[in-house]
Amino acid sequence: EVQLVESGGGLVQPGGSLRLSCAASGFTFSSYTMSWVRQAPGKGLEWVSVINSDGGSTTYADSVKGRFTISRDNAKNTLYLQMNSLKPEDTAVYYCANPSQLPVRPRPSWTDFGAWGQGTQVSVSS
């Protein structure tokens, strides 16, 4: 059974940092491109970042470029998202997801992914 379990979210002040993790199991993690997406309250999904199977290629949404860094450790079957200089507009539930089509659309739907986790809440507020 494919499982993706996110962790690391929380409440942080503007300008702060968080590191999200996503533990993968039930599939050959190292063979798959992975992504982070987010959903703000009352809004649809927003693509955040994608990383290829060996971690050698990454892409970011303009809204997070220069502030967020996606990475992976294939030996640990884990995906990461380092988030720096957080803004209130980054408040959302963050999901790791396995895209079933590339490139990931800026405003994807759940059907664009083969699997996703339960999400982790990130709240940025003073």
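It should be noted that the structure appears before, not after, this text.
Think of each chain on its own: its residues are numbered from 1, step by step along the sequence as written. Since the coordinates come from a predicted model, pLDDT governs what is reported: local features require at least 70, and pairs of side-chain atoms require 80 or more to be given and counted, while whole-chain, interface and lining totals use all residues. Derived side-chain values reflect all non-hydrogen atoms in the structure, with water molecules and hydrogen atoms excluded from consideration.

1. Points about the overall build of the chain
Then comes step 1: A tally of regular secondary structure across the chain gives zero helices and 11 strands.
Then comes step 2: To qualify as a helix, a DSSP run of H or I must reach at least 4 residues; to qualify as a strand, a run of E must reach at least 2; elements of each kind are numbered from the N terminus. Listing the helices and strands of the chain from first to last along the sequence gives β-β-β-β-β-β-β-β-β-β-β.
Then comes step 3: Over its C-alpha trace the chain gives a radius of gyration of 13 Å, about what one expects of a compact globule, namely 14 Å for 126 residues.
Then comes step 4: When a residue's accessible area, from a 1.4 Å probe over protein chains only, is under 20% of the maximum for its type it is buried; when over 50% it is exposed; and in between it is partly exposed. Looking at the chain residue by residue over its 126 residues, the buried ones come to 44%.
Then comes step 5: Working rule for contacts: check all heavy atoms of both residues, and any pair within 4.5 Å makes them a contact. Nonlocal contacts in the chain, meaning residues at least 24 apart in sequence, comprise 56% of its contacts between residues at least 6 apart. Radius of gyration: C-alpha atoms only; globule rule: 2.2 Å multiplied by the number of residues to the exponent 0.38.

2. Overview of unusual backbone geometry
Then comes step 1: Here L102 and P103 are connected by a cis peptide whose omega angle stands at -5 degrees.
Then comes step 2: One can find P103 in the loop between β9 (92-99) and β10 (113-116).
Then comes step 3: Phi at N77 takes a positive value of approximately 50 degrees, unusual for a residue other than glycine.
Then comes step 4: Looking at the secondary structure, you find N77 in the loop between β7 (68-73) and β8 (78-83).
Then comes step 5: You can call N77 partly exposed: its relative accessible area is 29%.

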